[in-house]
Structures are given as C-alpha cells and as structure tokens.
Number of protein chains: 2
Amino acid sequence: MAAYHAVTWEENKLRLIDQRALPGELIYVTYRDYEDVADAIRSMVVRGAPAIGITAAYGMALAAQQSDATDVDALQKDLRNAADVLNAARPTAVNLSWALARIVRRVSDPQIETVDGLKAVVLDEARAIQAFEERSNEQIGQNALSLVPEGAVFVHHCNTGPLATGGIGTALGVIITAHQAGKNVHAYVDETRPRLQGGRLTAWELQQWGVPHTVIADGAAAHVMRTVGVDLCVVGCDRVAANGDTANKIGTYSLALAAHAHDVPFYVVGPTSTIDMAVASGDEIEIESRPASEVSHALSCRITPEGSPVANPAFDITPARYITGIITEQGIAYPPYEESLAALMADAEE
Amino acid sequence: MAAYHAVTWEENKLRLIDQRALPGELIYVTYRDYEDVADAIRSMVVRGAPAIGITAAYGMALAAQQSDATDVDALQKDLRNAADVLNAARPTAVNLSWALARIVRRVSDPQIETVDGLKAVVLDEARAIQAFEERSNEQIGQNALSLVPEGAVFVHHCNTGPLATGGIGTALGVIITAHQAGKNVHAYVDETRPRLQGGRLTAWELQQWGVPHTVIADGAAAHVMRTVGVDLCVVGCDRVAANGDTANKIGTYSLALAAHAHDVPFYVVGPTSTIDMAVASGDEIEIESRPASEVSHALSCRITPEGSPVANPAFDITPARYITGIITEQGIAYPPYEESLAALMADAEE
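Rules and cut-offs
Residues numbered from 1 in each chain as written. Chains lettered and ligands numbered in written order. Predicted model: local features only at pLDDT ≥ 70, side-chain atom pairs only at ≥ 80, totals over all residues. Heavy atoms only, no water. Helix = DSSP H or I, 4+ residues; strand = E, 2+ residues; numbered from the N terminus. Rg over C-alpha atoms; globule rule 2.2 N^0.38 Å. Buried < 20%, exposed > 50% of the residue type's maximum accessible area, 1.4 Å probe, protein only. Contact = heavy atoms within 4.5 Å. Areas by Shrake-Rupley, 256 points an atom, 1.4 Å probe, with all protein chains shown as cover. Lys, Arg positive; Asp, Glu negative; His and termini not counted. Charge placed at Lys NZ, Arg CZ, Asp CG, Glu CD. Buried area = accessible area lost by both parts, 1.4 Å probe. Salt bridge = Lys/Arg side-chain N within 4 Å of Asp/Glu carboxyl O. Polar contact = N/O pair within 3.5 Å; in protein donor to acceptor, adjacent residues only side chain to side chain. Least-squares fit on C-alpha atoms with pLDDT ≥ 70 in both. Axes fitted to C-alpha atoms, helices over the stretch in contact; angles between N-to-C directions. Parallel < 35°, antiparallel > 145°, perpendicular 65-115°, else oblique. Left-handed = near helix turned anticlockwise from the far one by under 90°. Nonpolar A, V, L, I, M, F, W, Y, C, P; charged D, E, K, R; others polar. Disulfide = S-S within 2.5 Å. Pairing = 2+ DSSP bridges.

A. Broad picture of the overall build of chain A. A count of helices and strands for chain A gives 12 helices and 16 strands. Relative to the 2.2 N^0.38 estimate, which gives 20 Å for 350 residues, the radius of gyration of chain A is 20 Å and therefore close to what a compact globule would have. Taken along its principal axes, the extent of the C-alpha atoms in chain A is 65 × 50 × 40 Å. Per-residue burial over chain A gives 64% buried out of 350 residues. Taking all contacts inside chain A whose residues are at least 6 apart in sequence as the whole, residues at least 24 apart take part in 75%. As presented, chain A carries roughly 12,100 Å² of accessible surface, and 46% of it is formed by carbon and sulfur atoms. Positive and negative charge centroids in chain A, built from 25 and 44 side chains respectively, lie 5 Å apart.

Below, the structure is given as structure tokens:
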C-alpha cells in the first residue's frame, strides 16, 4: 500500500484526508463531532461512495462517544438521530445509507444491556464495514484480472482509488492490481469536470502507485478511442439498481456511449454495498444537484460571466444496456442483470 | 448587432478582441505587424475558424503595408512569404489557408502593374473575405430557421458566435437568429474544456444577445439529453472533408455520439469556406496538439499533479454517419455528403 489513508480511526477520533486540497497538499483533518463529519461529507472533504459509507460509520462511533445518555434506550435514540443527520449529507451514493442501516440494525439488538456495551458495538460495526470494503476491493481486483489483457489501455472516469474507497480502490483498484500483476497497463484519466477528481486525485494516486497514465479532458475520451485504441473502460458506481442501471459521476453516461460506439467493453466496478436491490431502475435514483459555483469556477478560477445560469447535476444514470459487466467482490454480473445481480446479492448475504 | 467586433480593420491597422481575457474583460489589441498577427492566431487571442481566416487576410494587408518592395515582383514575393508565416500558425482550420490562397491568387494577377495597386488589391480582397463571412453567417441563420421548432432546446459546443466568425455566427448564429425570430429557444452551453470557450465566450455572447441559456460541464450533455430533452445540437467546424467527416473542437465527436443515441438531430454549421473538397475523409485531416498546460490548468489554476503526463488534442473528427446535416450559406447538405457537398461547392464557385 502507498503511504496515505483517506479514512482512519485513531482511538477516539476520526482522521480524514482533505481531498479538496489534493494534489497540491496532503492535509489530514481530525474530527470528534459527528455533525462535523456530516459537513465533511457534504462539502466533499471525503468523497467516493465506499469512503463515504466508512466515514459515516465512524461518524456514528463519534455520535456514540458524544452522547451523554445514561441508558440504552436513550443512546439508541441519539444514534438514530445521528444516523438521520449523516444520511442527509448526500443523496445519491447508497453506501451512506447502507452503512448507517447496518449500524442502526446492530444497535437495535435487544441483547445489548449496557451503554458501554452499545458504544463498543457501534465502533465494532464501523470497523467491520471498513474491513469489508478493504477485502471487497482486493477481491474485486483479483476478480477483474482475467478481463485485463497484457498491455491493456484503460479509460477511467472520476476517482475510484484508495481515496474513494478505503481499500485499493474499485475501478482504479482494477487498474492498480493489473499493474502490480505486471500487465503493463496504461490509463487514460478523464479529468472529470466540474470537481476534477480525475485530473486532481486519480492522477495523484496513479503517481503514488507508479502506474503509467495520461490525463485528458473529458471531451477527448471518444477521440482517444477512435485514434489510439482502448481495451476497456472502468468506472465506479454510487448506486446500482436491480436492473443494472448505474448512477455514477456526471460524464459516465457519455463515456459509456462512446465505448458502445467503439465496441470497447465498459465495466462498472463496485462492492455489493453499492447495489440497491430496493430500486428497480435508474429512473428511481435521486440525482444530486450541486452548487453552480462548481461549474462557474474551476478550483478558484472564475470561468463563466456573472449572471449566466448553470446546471450542475453531480451524477448521471448509465442504462444497463451500455454496461458490459458489473465487477463486484462476489463475482462479475453480466446481462440480464435482474437475474445476475439477484444471484450475486444472495451470495453476499450468506 | 451587439456592440463588439472580434476583427476590425481601422485605416492602417488591425484591431482584435483578446478573447483570452473574456468574460472578465473586453480588451482590444491593435496590430501593425503581420508576424504579431500570426502570434495572435497561434496563442488564440483570436480563434474560431472563420475569424482566423479574416484575421490572416488582414495580416496580409499589414504585410503589404510593411513591405519596402519597390516593384511588383518583390512585393509578390514578400506577400507569399507572409502567407507562409500566417499559414503555419495553426493547422486544423481550413479557413486560414483558404483565405490566404484567395489573396495569393488575387495578387498573382499579371494585370496589376504598380506596388500601390497591388497593396490596394490585398486590402480589397481581405475586406471581401470579411464581407463574404458576414453575408454567409446571415444566410446560414436564415437557411436553418425551418429546422428550429418553436421552443427549441439546443446543445451547443465550443464558441461559434460573432467572436469566432466576424458575423452573427455559424452554429451560434443559428441560435441567435432563431431567438431574434421569436422562437423562444434555450441553449445548453457545453463549457468546452480545456480552453472553456463555451463557459467563457458563448455564455458571454448569449448574454450580449439576450438568449436564455444554461452552462453545463461537457460530461453533462448526454445526461441533459436523457432527462431534459433536447431538440437539436449545433456545432461549428474547422474543416469538413468531401465525405462529410468534420474536424471540430475536441468533444464534438463525443457530443455527436450522445445525440445519435438519443435520436437528437446533430447539425454541423459553417460557411463553404470551411469545406475542403481536397480532403477525401477525416482521416487525412491533421489534428493539432496543443500545450499540456491547457489541460493541467484551468485558466491560471493548476489541476493535475506535477509530473502527470497530459494529452491535449485540440480537435476531433466526427464521422459523417453521425451528422444529420451540414448547414451552409449555399443550403443544407444531407447524406450522402459526397454528392450533396459537391453540389453545394459547385454553386458556391459560380
């Protein structure tokens, strides 16, 4: 592992990398209050669907610490309130609500008899969630290896590395794992406007891991496919519906259409914690609109004239028909996804 | 017309808007030396295929003024040298070489007997080129009107307005003309990384002309098509091959693929000066690679980590099969383009 950790629990506090400062500076920020953690998720100090889930889980551990409840019932109530606050921080990634629901389920166990016991359970479950994501990432990388040819040229969108996941990464983990397996890969890195997670974070991570790469403007990916040749596209996911429709960072859908036109395999990569069987299709997924300033500016540079309206959908939906496969720690799902995802999720729950 | 002019001839000098400073500042720069004009084209003080052609033509008028030749032969030689310098400024837009070739042809007329006569011819031809582009823009806007439904929602890429063309614009001229005809149009404006001509220049121009618009990240266009609904895409062109393949600003091809997937009509818009019948297909068009700093930075803000390689193709090729029609001042060409463009160009030469 390279020497940086997006989300770390340290005794009684949570430590996050402030991902807004990268690649210029590697800054760690310490949190002791779960409401500050909700703010950190909202303002994207931490981002990436699995990393958000882990962070929220440790936010619950902070809420347990902070509570002055003297009996189990009162502490359970405080924790449910904290879960509501954390859950409201961002709407699209399911991992946030998935992690919170896991903790709320554990703390509702009637066999827990003491306040201290309950607090220990919250931290234990948060650690279990982080361990799950780490193991999932590793397994995902292994599961994907057979799909990656020698000398593979990838296109990757947004950031899905250790910063986004807590482990080796999801889609970026596939690339890093293939690199470590000696496959001589090269990654074209979409810069990913408006927040530039590709140009800022993915390029930085690939430097840390020594993976050859080239940063391109988002609009150049189709041109690269037409002129350079690309073996596969890999992207992360914020929520996968039961039919395979996938919500991911804005620009993913456009990339999927370009891949489709060039017969380039297009893989969605994520842990089963990102699959939401309660949602039938992408039409039911809420798409977060983020502040106009993210588009009217790039970092601190003003771009658009004052007064020009801006739309800033943070995610888009890629319909399942454009997705070659969905790579998870439980295996790779192929169409028809209604069946293959249901089978994967049944395995995941065992 | 709104009160700004990208390219103006003033007695013995050329005045350009420094488009790199917009939308923050409207700065005019005056040129008296054709080599400085070549630099202005290279560094994108002025950009946009037709505007580059007009600028180069007036650059020739400056070269004629600058020459200390005392006979016609020597002046013709100076002018051919100046044409070579100007022609090397940027490779992809054909309008540059088209305008220079027009002037070189005129000054080679054996009936011109005096140095002053020859200088007058150069300026006369430069003015004629500007007048041609102005008339073409107007006619293009009229020709396109029947394609634009009431309440049309457009997606537009890069900048193709008065700043880029010298007249009302090509693709943006279609939008402005439809707006002025009372069609209640709305334009989604791709910001167009890396140089942000959409977010900076098109948004500014649509403000000047009072056209309702919304700026989006390039990666959001496909999502807008899927969720909001778009009636037509209009883009400019830097060189159209005889088979209809079109070189235009990087990201155009990606937008065309998104339009194709949503059955959104995709129109290329330009004067016949942009059609290069000497080039059989897009594969023969040279794609300019521009400095990495345009991608590693947005305006003056650094994005990528030091040391991450960048690719910066400035244009891409949209294959003709994704183009619904090519709108010119001579009419609208539809597939098969080999035939329809040949017919248009025959009309243009009459």
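Additional details are given in the paragraphs that follow.
B. Summary view of the interface of chain B and chain A. Taken residue by residue, the interface counts 51 residues in chain B and 51 residues in chain A. Across the chain B to chain A interface the summed buried area is about 3,900 Å²; carbon plus sulfur atoms make up 65%. Three residues stand out in chain B for area buried against chain A, namely His223, Arg226 and Ile303 of chain B, and they jointly supply 15% of the buried area on that side. Linking chain B with chain A are 4 salt bridges. Arg193 of chain A is the salt-bridge partner of Glu191 of chain B, the closest N and O atoms lying 2.6 Å from each other. The interface formed by chain B and chain A contains 17 residue pairs in polar contact (both at pLDDT 80 or more).

C. Highlighting the relation of the copies chain B and chain A. Note on the identical chains: chain B maps onto chain A by a rotation of 180° and an axial translation of 0.0 Å, with an RMSD of 0.0 Å. In symmetry terms, the pair is related by a two-fold rotation axis. Both copies present the same face, since 100% of the interface residues in chain B are matched by interface residues at the equivalent positions in chain A.

D. The packing of helix 1 (residues 34-42) of chain B against helix 2 (residues 49-66) of chain B, seen in detail. All names here are of chain B. Orientation of helix 1 relative to helix 2, taken along the N-to-C sense of each, is 165°, at an axis distance of 8 Å. Comparing the axis directions of helix 1 and helix 2 gives the class roughly antiparallel. Crossing angle aside, the handedness with which helix 1 passes helix 2 is left-handed. Between helix 1 and helix 2, the contacting residues are Tyr34, Val37 and Ile41 on the first element and Ile52, Thr55, Ala56, Gly59, Leu62, Ala63 and Gln66 on the second. Class assignment for the residues of the contact of helix 1 with helix 2 results in 7 nonpolar, 3 polar and no charged.

E. How the structure looks around the state of the cysteines. Evaluation of the coordinates by the stated rule reveals 1 disulfide over all chains. Disulfide partner of Cys301 of chain A: Cys301 of chain B, at an S-S distance of 2.2 Å. Across the S-S bond of Cys301 of chain A and Cys301 of chain B the torsion is about 105°, and the bridge reads as right-handed. Residue Cys301 of chain A is found in strand 13 (residues 301-302), and its partner Cys301 of chain B is found in strand 13 (residues 301-302); the two belong to separate chains. Side by side, Cys301 of chain A and Cys301 of chain B carry an identical accessibility label, which is buried. Not engaged in a disulfide, the cysteine Cys158 of chain A finds its nearest cysteine sulfur in Cys237 of chain A; these two sulfurs lie 12 Å apart. Just so you know, Cys233 of chain A is unpaired, no disulfide at all, and the nearest cysteine sulfur is the one on Cys158 of chain A, 14 Å from it. By relative accessible area, Cys233 of chain A is classed as buried at 0%.

F. Region of interest: the sheet that holds strand 2 (residues 13-17) of chain B. Residues and elements named next belong to chain B. The antiparallel open sheet is built from 3 strands, whose spatial order is 1-2-3. Looking at which strands have only one partner, the edges of the open sheet turn out to be strand 1 (7-10) and strand 3 (28-31). The sheet shows a mean angle of 25° between the axes of neighbouring strands, direction not considered. Sheet topology places strand 2 next to strand 3; 4 bridges connect them, and they run antiparallel. Within the sheet, the bridge partner assigned to Leu14 lies in strand 3 and is Tyr31. Running at roughly 20° to strand 1, helix 2 makes contact with strand 1, strand 2 and strand 3 of the sheet.

Taken by themselves, the reported measurements are silent on function.
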